[in-house]
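Given next are the chains, with one letter for each unit.
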Amino acid sequence: MFASTRVLMHRQPMIRFIGKRSIPQQVDHAPHAHPASPDHTLPESFSSYRQRATSHGPLGGGQQRVASSAASVPSTVMSPYGAIGGHSAKQLGSVKPASGEFWDRSQLPKRFQRLQWSEAEIEAIESGGASMHA
Amino acid sequence: MFSRLLPRAAPRSALQAQQQSLRYVRASPTTSSLFHAQQRGYATPSEEKDLVIIGGGVAGYVAAIKAGQEGLKVACIEKRGALGGTCLNVGCIPSKSLLNNSHLYHQILHDTKNRGIEVGDVKLNLAQMMKAKETSVSGLTKGIEFLFKKNNVEYIKGTGAFEDEHTIKVNLVDGGETSVRGKNILIATGSESTPFPGLEIDEKKVITSTGAIALTEVPKKMTVIGGGIIGLEMASVWSRLGSEVTVVEFLGQIGGPGMDNEVAKQSQKLLSKQGMKFKLNTKVVSGDASGEGVKLEVEAAKGGKAETIESDVVLVAIGRRPYTKGLNLESIGLETDTRGRLVIDSEYRTKLPHIRVVGDCTFGPMLAHKAEEEAVAAVEFITKGFGHVNYGAIPSVMYTHPEVAWVGANEQELKEQGVNYKVGSFPFSANSRAKTNLDSDGMVKFLADAETDRILGVHIIGPNAGEMIAEGTLALEYGASTEDIGRTCHAHPTLAEAFKEAAMNTYGKAVHY
């Protein structure tokens, strides 16, 4: 036993116990190129989609919003990818529009916009769903 | 604010009973048009899932189980009718069954007398060998179905296609269609064999790996186009069972990218001893399968005299390509690169952040274990915000005999990168266990940083290489030095001692060689 202890003291292996694994405190969720991607770049569409998607609301980081409700939000708000995934929703502040700011329904994502009625849909409702089985 | 614009829950719930009854009956085009991209709340056929996975292969089913374990509401869509994808149904698993059993057959035929075993009349029962393969496959696929139930994964049998960014329309295997919405969507649709231009695959005379595991008789002559891992494994199976096998490879070495030059040469030598013929630096110019057999016109890759190879069966094993057909990716604007791989970022997200991609249909090597790692990481990114895959420590294994396995960089890559490295190796012919097994072809080879002794790559050719590489992968993952391995006690007598001695030979000297 003493002999093995002496051996262990003599040599310090590179592999060391570093304790239980934990999720890092700071994780940068801004999009980066995949490590196995051939050219190590992301296409332009990644930034353009995010810019469009974050053009309204707290994710967009409109200047007044960043200043008023999310002062602690660091630089990724200004990144080409907007703030998507970069920070928790809590950090980004309220989703309410600022005073004097109004959004048109057409500016919201498609799923929140008004839908057109189709003849088939009207018929389905009027027939209690029976037309769908016809 | 957005929530005020959503349809209220009450009217929706009133229609829930009706929705349930509608779920599996929608089949006519008229009715399905109602459920197009912009459907109203009342027509939503089921509750929104936290995660919808398209593809029930290794990447998809692992993600589904992991997501279920993490408490997500998850659905997995698979069109094959059986879970496990290519790997379990027509790839890794059935081929391993055939490799193992054909090796036993070959060994009984050729390698028993010197072991003191007298064997009588040995016959091949190919139908039974195939049945054994099918039993293994069906047992494993049913096992996944059980795991789905255990982890509350909804299994939808059908073909999925994007209806909109959050909705997947599914053509059910049993008829009819349904749609399922997901807060997150994971694409894990895998890959398919790359066809050879000018040769039509019929899976009888001109076959892919799928046909190669289901031949009903042993072909007298077989030609394999492509000397990569899949080609050589299948070539091994049919060569052992009696086929005269010729492997045609465009490159100057077998094994495909990643395999160390020295190991590839040794592997080719050993496979040639088993009866396989190799034509390296050779390209197939054209093929003709109109006759009874298949004729291939080949010539030297850099141009040269043409030659005709005639065979009963031609196996096309020139690689695999991502499979994303029918997903309707265009409708949501998802992009693929020039090789058909879906473009993702480091967290597996496409440009639409809630749609992720893992496995063969995106970047990285097309390996089942890589896909599994990515599946777990992708789910962890969704649930915990952090996942991990080390692309520098993904092992590769070729299950020929002897097996070939490697992890990390090979010599040619290190030379290209200008890394100052040292090499240490140990032959199995000096390993006691390999000697007693009368199975001592091959070696273990370490590549380590010349200055720090940190392991950069491990290459093994020899018995049990596929199992032994796990130790090398762990060492690489932990950033170990060869001395760490050399000073770790390995049981005697084991094949793993060759691993230790190769490490010793890298930073110092091996004892037994």
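Residues numbered from 1 in each chain as written. Chains lettered and ligands numbered in written order. Predicted model: local features only at pLDDT ≥ 70, side-chain atom pairs only at ≥ 80, totals over all residues. Heavy atoms only, no water.

Student: Help me understand the nonpolar core, please; the structure alone is not making it clear to me.
Tutor: One broad trend across soluble globular proteins is that nonpolar side chains are buried collectively. Residue and element names in this part refer to chain B. Ranked by size, the top nonpolar core spans 61 residues in total, and within it Phe148, Phe162, Ile168, Ile187 and Tyr348 carry the most contacts. Per-element accounting of this core gives the leading share, eight residues, to helix H5 (residues 58-69). With residues near it in sequence (within four places) discarded, Phe148 still touches Tyr61, Ala64, Ile65, Cys76, Leu83, Val153 and Tyr155. By size, the runner-up hydrophobic cluster in this structure holds 38 residues, among which are Ile213, Leu215, Ala264 and Trp406. (Core = buried A, V, L, I, M, F, W, Y, C linked by side-chain atoms within 4.5 Å. Buried < 20%, exposed > 50% of the residue type's maximum accessible area, 1.4 Å probe, protein only. Helix = DSSP H or I, 4+ residues; strand = E, 2+ residues; numbered from the N terminus. Contact = heavy atoms within 4.5 Å.)

Student: How should I be thinking about the packing of aromatic side chains in this particular structure?
Tutor: Working definition: an aromatic ring pair is given by the centre-to-centre distance plus the angle between the planes. Residues and elements named next belong to chain B. In the structure shown here, the tally under the stated rule is four aromatic pairs over all chains. Ring geometry for Phe148 against Tyr155: centres 5.9 Å apart, planes inclined by 85°, an arrangement best described as edge-to-face. Summarising the aromatic geometry, the rings of Phe446 and Phe499 are spaced 5.0 Å apart at their centres and angled 65° between planes, so their arrangement reads as edge-to-face. Highlighted residues: Phe446 in strand E20 (residues 443-449) and Phe499 in helix H18 (residues 496-507), separated in sequence by 53 residues. Of the two residues, Phe446 and Phe499, both sit in the buried class. (Phe/Tyr/Trp six-rings, centres within 6.5 Å; stacked < 30°, edge-to-face > 60°.)

Student: Sorry if this is basic, but what is going on with the environment of Gly71 of chain B here?
Tutor: Along the chain, Gly71 of chain B falls in the loop between H5 and strand E2 (74-78). With relative accessibility at 57%, the residue Gly71 of chain B sits in the exposed group.

Student: I tried to follow the sheet that holds strand E10 (residues 277-279) of chain B on my own but got confused; where do I start?
Tutor: To summarise the sheet geometry, strands pair through backbone hydrogen bonds and adopt either a parallel or an antiparallel arrangement. Residue and element names in this part refer to chain B. On the basis of which strands lie adjacent, the open sheet formed by five strands has the order E7-E14-E8-E9-E10 and parallel pairing. Taken across any chain shown, the strands that pair with only one partner, and hence form the sheet edges, are strand E7 (206-207) and E10. The pairing of E7 with strand E14 (residues 313-316) spans two bridges and is classified as parallel. Looking across to E14, one finds that Ile207 is bridged to Leu315. (Pairing = 2+ DSSP bridges.)

Student: Is there a simple way to think about the pairing of E2 of chain B in this case?
Tutor: Each regular strand shows side chains that alternate between the opposite faces of the sheet. All names here are of chain B. Of all five residues in E2, five are buried, a share of seventy percent or more. Here E2 shows a buried face lined by Val74, Cys76 and Glu78 and a second buried face lined by Ala75 and Ile77. Between strand E1 (residues 49-54) and its parallel partner E2, the chain crosses via H5, and the hand of that crossover is right-handed. One ladder, built from five bridges, connects E2 with strand E3 (residues 153-162); its direction is parallel. (Right-handed = clockwise from strand over helix to strand, strands pointing away.)

Student: Hey, could you run me through the UniProt feature "domain: FAD/NAD(P)-binding" (unreviewed entry) in chain B in this one?
Tutor: In the numbering adopted here, UniProt assigns the feature "domain: FAD/NAD(P)-binding" (unreviewed entry) to residues 49-375 of chain B. Note that residues 49-375 of chain B is 31% helix and 26% strand, and that its end C-alpha atoms are spaced 17 Å apart. (UniProt positions renumbered as here; feature names shortened; annotations may be inferred.)

Student: Explanation requested: the environment of Leu474 of chain B in the structure shown.
Tutor: Mapped onto the elements of the fold, Leu474 of chain B is located in helix H16 (residues 465-478). Placed 38 residues apart in sequence, Leu474 of chain B and Thr436 of chain B show a C-alpha to C-alpha distance of 28 Å.

Student: Even after reading the chapter, I still don't get the UniProt feature "binding site: NAD(+)" (unreviewed entry) in chain B, so can you show me in this structure?
Tutor: Residue and element names in this part refer to chain B. Following the UniProt record, the feature "binding site: NAD(+)" (unreviewed entry) maps to Gly226, Gly227, Gly228, Ile229, Ile230, Gly231, Leu232, Glu233, Glu249 and Gly319 here. Spanning 94 residues, the annotated positions come together in the fold, the maximum distance between their C-alpha atoms being 14.2 Å. Its place among the elements puts Gly227 in the loop between strand E8 (221-225) and helix H10 (229-240). Judged by relative accessible area, which is 0%, Gly227 ranks as buried. When near neighbours in sequence (up to four residues on either side) are disregarded, Gly227 contacts Leu232, Val247, Val248, Glu249, Ile254, Gly255 and Gly256. Structurally, Gly231 can be placed in helix H10. Taking the relative accessible area as the measure of exposure, Gly231 reaches 1% and is therefore buried.

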